[in-house]
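Listed below are the residues making up each chain.
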Amino acid sequence: MARHDPHSYADLAQGRIRHIVFRLEADFAQRQLRGTARYRLDMPARGPFDLDTRDLDVRSVSSSGRAVRFALGEADPILGSRLRLTDLAGADEFTIGFTASAEARALQWLTPAQTSGGRHPFLFTQCQPHHARTIFPCQDSPSVRFTFEADLKVPSPLVGAMAGAPAGRTPADGATVFRFTMPQPIPSYLFALAAGEFTSRDLGPRSRVYAEPDLIDAAAWEFAQIEDMLAEAEKLYGPYPWERYDMLVLPPSFPYGGMENARLTFLTPTMIVGDRSLTNLLAHELAHSWTGNLVTNATWEDFWLNEGWTTYAERRILGAIEGEDSAMLRAATGRNTMLRAIKNFGWKADPTRLKFSQAGIDPESVVSYVPYEKGYSFLVRLERIVGRPAFDAFTRKYIAEHRFQTITTEAFIGLLRRDLPQVFGQVDVQAWLFDPGFPADAPPFESSLIDDVSNRLFDYQEGRLPRREDVAAWATAQTYLFLQYLPRALPVDDCRALEAALALDRTRVPQFQSQFLEIAVRSGYRRCLPRAEALITTVGRMFIIVPVFQAMAQTEWSRPLARPLLEKVRLRHHPITVLAMEKVLLQQGL
Ligand code: BES
Ligand code: ZN
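Everything quoted here is computed from the prediction, not taken from an experiment. (Residues numbered from 1 in each chain as written. Chains lettered and ligands numbered in written order. Predicted model: local features only at pLDDT ≥ 70, side-chain atom pairs only at ≥ 80, totals over all residues. Heavy atoms only, no water.)

Q: Tell me what's going on with the environment of E149, and back it up with residues and numbers.
A: Mapped onto the secondary structure, E149 falls in strand 11 (residues 145-155). E149 has contacts with H19, I20, V21, F22, F180 and T181, leaving out every residue within four places of it along the chain. (Helix = DSSP H or I, 4+ residues; strand = E, 2+ residues; numbered from the N terminus. Contact = heavy atoms within 4.5 Å.)

Printed below as a string of structure tokens:
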């Protein structure tokens, strides 16, 4: 069998799924997502047909009314179980009945208490990178794209949402069936649905935000620049290819900042801070509409092509809206976060390479800022060699030639050879893409906004703490950079002084809390414990809470508190957040 993707059982020589018709039902009482899916292939099956599943109860398989024999393979800890349809006998379609387990990794079922409104339960999915297989059998590899139609039945008065085009709703005793279509072909990792109490508000001719009723006003205000961002992105990369760009605000346990589900980005509510200072996240998820969703990494080994390019596009959009100074400030913060990640992994460790073999490795366990920021730095390095106009022309061609397709790192090098051959004389492309660590020829980021922060840092290193009036006018991204630059452990008196000067005891910015509380824990500034515990209990966003939790597990005084804290949040947090926290405890022998 010819497997092209180490994280999928799909064998592309057997054919590809082209279209799926879903009938899904969310059963909140049993925490079961049940359904049937009718699949259409690109060609009649010539032999067996393999699909990915994980913790999935496959009830039946049929084709044209005839039962199809199937075999479920042994469960692999990373891939799950192969579902082999053994006798499709030349058919190019089949129907599978399945039930996702209450523990499905892609799903989080929330009690009313875990929502903002507190009245109704909530359900949402997170399929990237390889969790779609816990909801429905699929060729769960980014290189298989399908369109779909779906019915989603949810109990009244909940609203059902899917990453797709809404196509009406019908009442069905005590429930509502919401209908959707997805006219543009998507890879399985962009499949998404949610059910809960939410309402919506139009933000522009092609954008709308969905959120729980008590958050909708704040969300609409915070996201108001989305149409401007769409316009800037279109100037750079061509017409928006997915018709509509809508956004759904999730409850706080959403494990990421954002997820670029096609036509309906999912967002953490922790980005709604009242001053639009965290909207780089919007620019990022929007940019994925071109880099990621339209031109997609072939496997998770090529993840930097999704995230490095998107980080690049995000900062170009921000550069156009807020100015280059601001974009470079964010680049500097990203660089610093990445260098910490590299130090944590070890400078020779595989996850510090942009591409390395991930056979036998859980793709989720190696997600870090490295593919984002090393990828970004590589692209900026190329941009500065050839100049922006030539680089933009290259990017537009890259996108146009690969729309609705996938690309590997090796094929990308081929494009560079063809279209920007001059870079090879000046930059070691192989080393950037395949070597560990961080190259010495990385492009520097310059901005007066960075200089302000660096000056305060030098002052601090010389024993002068910043005063409130020195930093009160800083942009959010400046305070964030300052916190990034600080050593991870400080004298307790300095923690107290910095906390006051930067108003960290009353901040709503989760990145500030994350950075400061990590430092506070490592410094033994024990007064912060209730706040660290509160952050880890209420926020599910992994990149925010895992550094603080790791600090707790690694620091003598707080070490005994880590395991009990995980037990306390186990039922509140998303299964993949719990898994990431478990991993921290395991590494610390707790
Ligand atoms: N696609 C990612 C989220 C993701 C990554 C999900 C890996 C599953 C596996 C999303 O676009 C993203 O990058 N989110 C970041 C945004 C930030 C870097 C601006 C996040 O969640 O923090
Ligand atoms: Zn991303």
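Q: Give a detailed account of the site of ligand 1, specifying residues and quantitative values.
A: Taken together, 18 residues lie near ligand 1, and Q128, G257, E260, E285 and Y372 sit nearest. H288 is positioned with one of its side-chain polar atoms (N or O) 2.9 Å from an oxygen atom of ligand 1. Within the complex, the protein chains bury 96% of what would otherwise be the 520 Å² of accessible surface of ligand 1. Counting residues per element, the ones that place at least two in the shell around ligand 1 are strand 19 (258-259), helix 3 (280-287) and helix 4 (303-322). Among the elements that line the shell around ligand 1, the one with the most residues is helix 3, at three residues. (Near = heavy atom within 4 Å. Polar contact = N/O pair within 3.5 Å; in protein donor to acceptor, adjacent residues only side chain to side chain. Areas by Shrake-Rupley, 256 points an atom, 1.4 Å probe, with all protein chains shown as cover.)

Q: I'd like a description of unusual backbone geometry, backed by residues and values.
A: The peptide bond linking Q128 to P129 adopts the cis configuration, its omega dihedral lying at -5 degrees. Inspection of the secondary structure puts P129 in the loop between strand 10 (122-125) and strand 11. The residue after S156, namely P157, is reached through a cis peptide bond having omega 0 degrees. The topology assignment puts P157 in the loop between strand 11 and strand 12 (159-162). At S64, a position not held by glycine, the phi torsion is positive, near 45 degrees. The class for S64 is exposed, based on a relative accessible area of 76%. (Buried < 20%, exposed > 50% of the residue type's maximum accessible area, 1.4 Å probe, protein only.)

Q: I'd like to hear about the packing of helix 4 against helix 5 (residues 324-345), residue by residue, with values.
A: Direction vectors running N to C along helix 4 and helix 5 enclose 145 degrees, while the axes themselves pass 6 Å from each other. Of the residues in helix 5, those touching helix 4 at R315, L318, G319 and E322 are E324, S326, A327, R330, A331 and G334. (Axes fitted to C-alpha atoms, helices over the stretch in contact; angles between N-to-C directions.)

Q: Describe the sheet that holds strand 9 (residues 107-110), naming the residues involved and giving the relevant values.
A: In spatial order, the strands read 9-10-15-12; together these four strands make up an open sheet with antiparallel pairing. Each edge of the open sheet is held by one strand with a lone partner, namely strand 9 and strand 12. Recorded for the sheet is a direction-independent mean angle of 10 degrees between the axes of neighbouring strands. With four bridges joining them, strand 12 and strand 15 (residues 193-196) adopt antiparallel strand pairing. Pairing of V159 across the sheet is with G196, part of strand 15. (Pairing = 2+ DSSP bridges.)

Q: I'd love a proper account of the coordination of the zinc ion (ligand 2), names of residues and values included.
A: Coordination sphere of the zinc ion (ligand 2), protein contribution only: H284 (NE2), H288 (NE2), E307 (OE) and E307 (OE), at 2.0 to 2.7 Å. On the primary sequence, the residues serving as donors to the zinc ion (ligand 2) are separated as H-x3-H-x18-E. Here H288, found in the loop between helix 3 and strand 21 (295-297), pairs with E307, found in helix 4; they are 19 residues apart in sequence, far enough to count as distant. By relative accessible area, H288 is classed as buried at 0%. In this structure E307 comes out as buried when scored by relative accessible area, which is 2%. (Donors = N, O, S within 2.8 Å, 3.2 Å for Na, K, Ca; no water.)

Q: Describe the packing of aromatic side chains, naming the residues involved and giving the relevant values.
A: For any pair of aromatic rings, the description rests on two quantities: the centre-to-centre distance and the angle between the ring planes. One pass over the structure, following the stated rule, counts 38 aromatic pairs. Both rings, one in F49 and one in F94, keep their centres 5.8 Å apart while their planes meet at 55 degrees; by these two values the pair is tilted. Of this pair, F49 sits in strand 3 (residues 49-53) while F94 sits in strand 8 (residues 93-100), and the two are 45 residues apart along the sequence. Classification of F94 as buried rests on a relative accessible area of 1%. Taken together, W304, W309, Y312, Y376, F378, F391, F394, Y398, F412, W432, F438 and F445 form an aromatic cluster joined through their ring pairs. Of note, R315 hangs over the ring of Y376, and the distance from its end group to the ring centre comes to 4.5 Å. The positively charged end of R417 is found above the aromatic ring belonging to F424, 4.3 Å away from the centroid. (Phe/Tyr/Trp six-rings, centres within 6.5 Å; stacked < 30°, edge-to-face > 60°. Lys NZ or Arg CZ within 6 Å of the ring centre and 35° of its normal.)

Q: Tell me about helix 5, and please be specific about residues and values.
A: For an α-helix the count is 3.6 residues per turn, leaving residues at separations of three or four pointing the same way. With 22 residues, helix 5 extends 31 Å from end C-alpha to end C-alpha; this agrees with the ideal 32 Å at 1.5 Å per step. Downstream of helix 5 by a residue or two, G346 has a phi angle that is positive, lying close to 100 degrees. (Expected span 1.5 Å × (residues − 1).)

Q: Account for the environment of E103, with residues named and values stated.
A: Relative to the helices and strands, E103 resides in the loop between strand 8 and strand 9. Separated by 31 residues in the primary sequence, E103 and T134 place their C-alpha atoms 8.9 Å from one another.

Q: If you had to explain the pattern of salt bridges to someone new, which residues and values would you point to?
A: In the structure shown here, the tally under the stated rule is 43 salt bridges. Two residues, R206 and E227, come together in a salt bridge whose shortest N-O distance is 3.0 Å. With R206 in the loop between strand 16 (199-204) and strand 17 (207-211) and E227 in helix 2 (residues 226-237), this pair connects stretches of sequence that are 21 residues apart. Overlapping salt bridges bring together R456, D459, E462, R464, R467, E469 and D470 as one network. (Salt bridge = Lys/Arg side-chain N within 4 Å of Asp/Glu carboxyl O.)

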